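Residue-level structure breakdown
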Amino acid sequence: MASSPSTSSSSSGSGSVGNLDSALEIKTRSVEQTLIPLVSQITTLINHKDKPKKTERTLRAIQKVGQAVSIAVGRFVTVGEAIAVENEELKEEMGLACFEARRAGDAIAQLTDVVSAEQPELDGRATIFSDKTAMVKAARMLLSSVTKVLVLADRIVIKQIITSRNKVLVTLDQLETVSSFQEFVQIFSHFGNEMVEFAHLTGDRQNDLKDEKKKARMAAARAVLEKCTMMLLTASKTCLRHPDCESARINKDAVFHRMRFALEQVIEIVTDARPGGDAQVLPVNIYSGIKHFKGKVESLRDELYALTPETLHSHLEGIGEQTQDFTDSAYTSHEHRESILQLCHAARQELQQVVCDWTYAQSLKAKEATEEMELSILKTCQTVSELRRELHKAAVGRATDLLKCHKDHIVLKALKGSGGEGNLEAVAEYSHKLTEQKEQLVETCRLLRHISGTEPLEITCIHAEETFQIIGPQIISAAQTLALHPSSKIAKENLDVFCEAWESQLNDMAILLREINDVFEGRRGDKKMYLSLPRPGKHSANLKMAKAAKLDAEEQTTIAKLGLELRLLTSDVDSESEKWEDREHEIVRQGQSLSSMAYSMYLFTRGEGLLKTTLDLFHQAELEEEEHTVILLETEKLVALCQQLQVTARTAVQGKTAMFQKVDSSIQNTKRHLCYPSFLGSPQSWKDKQCPVKEDSLNSKNTNGFGVRALEHHMGSLTFLESK
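The name recorded for the chain in an unreviewed UniProt entry is Alpha-catulin, from Scleropages formosus. As stated in UniProt under Sequence similarities (unreviewed entry), the record for the chain gives "Belongs to the vinculin/alpha-catenin family." One UniProt comment on the chain, placed under Subcellular location (unreviewed entry), says "Cytoplasm".

Below, the structure is given as structure tokens:
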């Protein structure tokens, strides 16, 4: 497989094939993946030019590759030219890029037009063997021009998102100033359709982004828009019902402001621009500070003269200042505080020893670290690692305790009750308690950010912090409105929506906590693609070992969609199981067990979690006999589903297609179990409930007729012709 187009290079010294124009930064996976077949083919051609032996077979293979490249480029350029016609603002740039691509493709076809081994160059024509420079030049021009066409086509996608955002903003302005229920209902219906379109476009973009930080920021902004849409509905209705109520107006204004801010965030991400032109800089955190410090200290082994002691002392002092977020917190235990302070002091002492040994090594004119210096470096790094471990324990312990404390949502229930009774004094009392909870959660999110371990998780921590900071006051204003109008069903519904958003963020925080722990314990690092076939064993005793198989784009999309459905269903199961008074009831216990199974499968579809192979997945999908029996006793309708899940998990398969189908079936069957109403409702209402996940809501449809996807086919259809 060819390397990334932005870095791949020729194996010869003639020049780099993949050294593209620095202005053509590839920011999406679709553009990158579209270029890979072309890079592979050109690399094949370039690698042939220095081979002394030119057999008939080699020449014919080269000619076939050259023709394939030329034909694919021709079709590709035709689509690019159609894009230019449809988009006047790109016409000139796209036309030039297409012209250069076509010319380069023709040049490659001509240079590879060699027919026989005996007389490849008798007619005096330049060929891949006689003119190496021309081949490299044509290859560079082709890659550069094709990349430019793709990047220009990608602008169409960005333009669609901006256009969709603009439509949403216009309708948002109309909703904010509407004065009657009838008019509001009509406009909101239109607004809902526009938001669905915007969600599809931004969802596709989020999945396509290469930068994990941008993906995390996009996910956070889209989550805000999703939750705010329902808040906007109830807050606006409440304001229309009680137009003179100040707290209702404050509540509504906050929702509109947050939606506009989230819409702008999305545009900043897709256009890679920020107000004032400044790039987003994440707040400094301890995990990255410690990582940077350790790197500097360890570099002394090979570079004794590249740093100064003052630089290292400054880095360590910066880390010490950041730990004050922990030691100054009223919620950090005395034991954790003392341990953190002791480790900070120990780290300073160890670094001082490093400096002493370092200075001595320099006085000896040493070229590398001495044994004493090696030992002090190891001790320093070990101490700061222990410091990070202690900070992790403090933050995670605090977050875990806080989530347990608030799992029953006592304050929210009290606010609803006192608001419904019209008791303003009680609402004020519980509002104060909710504010205290909010401050605790905000501070805990800040601590988690320090030890999050990855930039995407750090962004998620910041999003959680901002969400608690904003929703807390919104709940209070909604409760005040209900207290002023206790008989108002709309005001009650509005308060319920904001309380549900708070509860949802607490659930998200629990998931975030799990993911931070996974990173810290090494269960999840950089995302990997676990798509290996099963090993010989319990489930596949009759199978031979096979190489890992990579799913194609459509198969990956199918599995990712199923994973998302499982994730949504596990949230529903966990939420509904809270409603059962008897938490040890067999149905609750088995439902939670099945939910845990489904969550593991969800992580598997993301390339995360403890399930690393398809064999692990199938083993996870098997139900224990006791679990099987309890579920069967609940309803005969689950018989077929349970049997199907068992058969699927234990059936031996061979080949990529069959393996994909088995993975798909295992997840589908688990999803059907979760969808069954007995696991999605309270004891009083489960018979009447249905699975809430809708197919339409999870399908991301790309309405882009002339974009990168229209060009992918022509590059993806190239056949890889490897040299023999």
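Okay, back to it.
If you tally the helices and strands in the chain, you get 24 helices and zero strands. Here the chain holds 724 residues, and the buried ones make up 49% of them. Entry remark: accessible area of the chain is about 35200 Å², with carbon and sulfur atoms responsible for 51%.

A word on the nonpolar core. Core analysis: the biggest nonpolar cluster contains 104 residues, and F326, L448, I475 and W502 have the highest contact counts within it. When residues no more than four places from it in sequence are discounted, the contact partners of I475 are L412, L415, L434, L495, F498, C499 and W502. Within the second largest apolar cluster, 35 residues are counted, among which are I26, I83, C98 and A139.

Counting across every chain of the model gives 26 salt bridges. Ionic pairing is found between K393 and E390, a salt bridge with its closest N-O pair at 3.8 Å. With a gap of three residues between them, K393 and E390 both fall in helix α12 (residues 371-405), about one helical turn apart. Among the residues examined, K393 registers a relative accessible area of 46% and is labelled partly exposed. Using a relative accessible area of 11% as the deciding quantity, one classes E390 as buried.

Now for the environment of R398. Following the sequence through the fold, R398 ends up in helix α12. Residues R398 and Y331, 67 residues apart in the sequence, show an inter-C-alpha distance of 7.4 Å. Not counting residues up to four positions away in its chain, the partners in contact with R398 are Y331, Q440 and T444.

So, on to helix α13 (residues 410-420). Buried residues of α13: V411, L412, A414, L415, S418 and G419, and no others. The arc enclosing the buried residues of α13, seen along the axis, measures out at 160°, which places them on a common side. Of the exposed residues in α13, the ones pointing more than 90 degrees away from its buried face are I410 and K413. Where α13 is buried, its residues contact α14 (424-450), α15 (455-484) and α16 (489-520). Looking one or two residues beyond α13, the residue adopting positive phi is G422, at roughly 75°.

On to the packing of α12 against α14. At their nearest, the axes of α12 and α14 sit 9 Å apart, and the two run at 150° to each other. Classified by the interaxial angle, the pair formed by α12 and α14 is roughly antiparallel. The element α12 and its partner α14 pack so that their crossing is left-handed. Together, A395, V396, R398, A399 and L402 of α12 and Q440, L441, T444, L447 and L448 of α14 make up the contact between the two elements. Counted by class, the contact of α12 with α14 contains seven nonpolar, two polar and one charged residues.

A word on the confidence of the model for the chain. On average, residues of the chain carry a pLDDT of 76, and 65% of them reach 70 or more. A low-confidence stretch, residues 116-122 stays under pLDDT 50, and its non-local contacts, those more than four residues away or across chains, total 12 contacts. Below a pLDDT of 50 lies the segment residues 525-548, which in the model reaches 44 contacts outside its immediate sequence neighbourhood of four places, other chains included.

Criteria and cut-off values
- Residues numbered from 1 in each chain as written.
- Predicted model: local features only at pLDDT ≥ 70, side-chain atom pairs only at ≥ 80, totals over all residues.
- Heavy atoms only, no water.
- UniProt positions renumbered as here; feature names shortened; annotations may be inferred.
- Helix = DSSP H or I, 4+ residues; strand = E, 2+ residues; numbered from the N terminus.
- Buried < 20%, exposed > 50% of the residue type's maximum accessible area, 1.4 Å probe, protein only.
- Areas by Shrake-Rupley, 256 points an atom, 1.4 Å probe, with all protein chains shown as cover.
- Core = buried A, V, L, I, M, F, W, Y, C linked by side-chain atoms within 4.5 Å.
- Contact = heavy atoms within 4.5 Å.
- Salt bridge = Lys/Arg side-chain N within 4 Å of Asp/Glu carboxyl O.
- Arc of directions from axis to C-beta.
- Axes fitted to C-alpha atoms, helices over the stretch in contact; angles between N-to-C directions.
- Parallel < 35°, antiparallel > 145°, perpendicular 65-115°, else oblique.
- Left-handed = near helix turned anticlockwise from the far one by under 90°.
- Nonpolar A, V, L, I, M, F, W, Y, C, P; charged D, E, K, R; others polar.
- pLDDT = per-residue confidence, 0-100.

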